[in-house]
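Commentary on secondary and tertiary structure
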Amino acid sequence: MRTFDYKFIDIHVHITPWDAVKPEIAAAVKATQADPARLDEFTTDPHKLVAYMDEHNIEWLGLINYLSPDVIGYTEEINNFTARFAAAYPNRFIPFGGIDPRRTPRVAEQMDHLLGELGLKAIKLHPPHQLFNVNDYLFNKELAGLTVVYEKCIEYGASLMVHTGTSVFKGARNRFADPLPIDDVAVDFPDLKIIAAHAGRPMYTETAFFLLRRHPNVYFDISSTPPKSLPQYYPWLERVADKAMFGSDWPAPGVKDIYDNIQQFLALNLSDEDKRKILRENAVKVFNLFG
Ligand SMILES: [Zn+2]
């Protein structure tokens, strides 16, 4: 095995209690895992997950969770789970939480709870699973509280991740898959760090590229595309290598192993410098990991 003088960061994994999601979704996830018992171990025991990370030169993982009571099954309880899990290793996990202003009468207090008391480092919004657009504060009174979500993220130095691109889970609605609404958020909240997860794959990658070039604080992760297909999906990847972060999306259906994806990424025809930025340095900066 080649040795590296830096450690890897995967900003996008789904560490979730599988009884918190709808049974058919848990079944779909487990169906493509070679070792479903290992999946259960890694998602219930932070020590086992960290042992795996140590073995594979992975320093940090971004633990992605969000609210989606109707489509996926995630309720506010998922934020407590993520905070508890991450608290076992605060120097190895970047915990992401979720919010829906329609379910939370006092958005500011809830954001203080999530980013203050629970210590979450980022908020994830998933438009096709939450059934709103991130710029709906402009159009829908019920979602006016999104502005408070963004202001609180800035106040706490937390990032906002937005799922972009289609989702094929049952109940997902893909009219919310287009990344373009991020443009309004980046215009109205220029200090907010926004991560366009998946960069709009597969239908909206040109839009994502436009947003990345237009807005200094818009970043993306390359998760949920098989690494060998990255040049095909993102032919412009090298032009925005300063804004790209590695994500495996493990254990989403079809993603067998985190380190396997890292190795596939390392085999790509990119410069060592770009690989290092994408596998580590950009995430260190965006999440201020050693601040
Ligand atoms: Zn994901």
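Look above for the structure.
Here's what I pulled together on the structure shown here. (Residues numbered from 1 in each chain as written. Predicted model: local features only at pLDDT ≥ 70, side-chain atom pairs only at ≥ 80, totals over all residues.)

Before going further, it helps to examine the overall build of the chain. The helix and strand tally for the chain stands at twelve helices and eight strands. If you line up the chain on its principal axes, its C-alpha atoms span 55 × 40 × 40 Å. Within the span of the chain, comprising 291 residues, buried residues form 47% of the whole. Residue pairs at least 24 apart in sequence account for 76% of intrachain contacts in the chain once pairs closer than 6 positions are excluded. (Helix = DSSP H or I, 4+ residues; strand = E, 2+ residues; numbered from the N terminus. Buried ≥ 20, exposed ≤ 12 C-beta atoms within 10 Å, placed from the backbone. Contact = placed C-beta atoms within 7 Å.)

It is worth spelling out the nonpolar core at this point. In globular proteins that are soluble, nonpolar side chains generally tend to be buried together. Ranked by internal contacts, the top residues of the largest apolar core, which has 84 residues, are Leu63, Ile123, Leu160, Val162, Ile182, Ile194 and Ala196. Ignoring sequence-local partners within four residues, the contact set of isoleucine 194 consists of Leu160, Val162, Ile182, Val185, Ala186, Asn217, Val218 and Tyr219. (Core = buried A, V, L, I, M, F, W, Y, C linked by C-beta atoms within 7 Å.)

We now examine the sheet that holds strand 4 (residues 122-125). The strand order 1-2-3-4-5-6-7-8 describes an open sheet built from eight strands, whose pairing is parallel. One side of each edge strand has no neighbouring strand; the edge strands of this open sheet are strand 1 (8-13) and strand 8 (244-245). As defined by bridge partners, strand 7 (residues 218-221) adjoins strand 8 across two bridges and the pair is classed as parallel. Paired with aspartate 221 across the two strands is methionine 245, which belongs to strand 8. Against the sheet, helix 4 (residues 77-87) contacts strand 2 (58-63) and strand 3 (93-97), and its axis sits at roughly 170 degrees relative to strand 3. (Pairing = 2+ DSSP bridges. Axes fitted to C-alpha atoms, helices over the stretch in contact; angles between N-to-C directions.)

Now for helix 11 (residues 258-266). Among the residues making up helix 11, those that are buried are Ile258, Asn261, Ile262 and Phe265. An end-on view of helix 11 places all buried positions within 105 degrees of arc, on one side of the element. Contact partners of the buried residues in helix 11: strand 1 and strand 2. (Arc of directions from axis to C-beta.)

So, on to the pairing of strand 7. The side-chain alternation of strand 7 yields two buried faces, one formed by Val218 and Phe220 and the other by Tyr219 and Asp221. Pairing geometry for strand 6 (residues 194-197) and strand 7, over four bridges, is parallel. Its bridge partner being in strand 7, isoleucine 195 is matched across the sheet by tyrosine 219. After leaving strand 6, the chain enters helix 9 (residues 205-214) and then returns to the sheet as strand 7, a path that is right-handed. (Right-handed = clockwise from strand over helix to strand, strands pointing away.)

Topologically, phenylalanine 85 is positioned in helix 4. Residue classification places phenylalanine 85 among the buried residues on the basis of 21 C-beta atoms within 10 Å. Placed 57 residues apart in sequence, phenylalanine 85 and alanine 28 show a C-alpha to C-alpha distance of 23 Å.

Attention now goes to the environment of lysine 277. Inspection of the secondary structure puts lysine 277 in helix 12 (residues 272-286). Residue classification places lysine 277 among the buried positions, given that 21 C-beta atoms sit within 10 Å. Counting along the chain gives 34 residues from lysine 277 to lysine 243, while the straight-line C-alpha distance between them is 8.6 Å. For lysine 277, the residues in contact, after removing those within four places along its chain, are Ala241, Asp242 and Asn282.

Here the focus is the packing of helix 5 (residues 107-117) against helix 7 (residues 146-156). In contact at an axis separation of 9 Å, helix 5 and helix 7 are set at 35 degrees when each is read in the N-to-C sense. Crossing hand, helix 5 versus helix 7: right-handed. Residue-level contacts link Val107, Ala108, Met111 and Leu115 of helix 5 to Val148, Val149, Lys152 and Tyr156 of helix 7. (Left-handed = near helix turned anticlockwise from the far one by under 90°.)

Moving on: unusual backbone geometry. Cis rather than trans, the peptide bond between arginine 201 and proline 202 has omega equal to -5 degrees. Residue position: proline 202 is located in the loop between strand 6 and helix 9. Proline 251 follows tryptophan 250 through a cis peptide bond whose omega is 0 degrees. Its place among the elements puts proline 251 in the loop between strand 8 and helix 11. Although it is not a glycine, asparagine 57 sits at a positive phi angle of roughly 65 degrees.

Here threonine 104 shows up in the loop between strand 3 and helix 5. For threonine 104, a count of 19 C-beta atoms within 10 Å gives the class partly exposed. As a C-alpha pair, threonine 104 and threonine 164 span 60 residues in sequence and 24 Å in three-dimensional space. With residues near it in sequence (within four places) discarded, threonine 104 still touches Ile99 and Gln110.

A separate point is the pairing of strand 3. Along strand 3, five of the five residues are buried, which leaves the element largely enclosed by surrounding structure. Neither face of strand 3 is exposed, since Phe93, Pro95 and Gly97 on one face and Ile94 and Phe96 on the opposite face are all buried. Sheet topology places strand 2 next to strand 3; three bridges connect them, and they run parallel. Residue pairing across strands places leucine 63 opposite proline 95, the latter belonging to strand 3. As paired strands, strand 3 and strand 4 are joined by two bridges and run parallel to one another.

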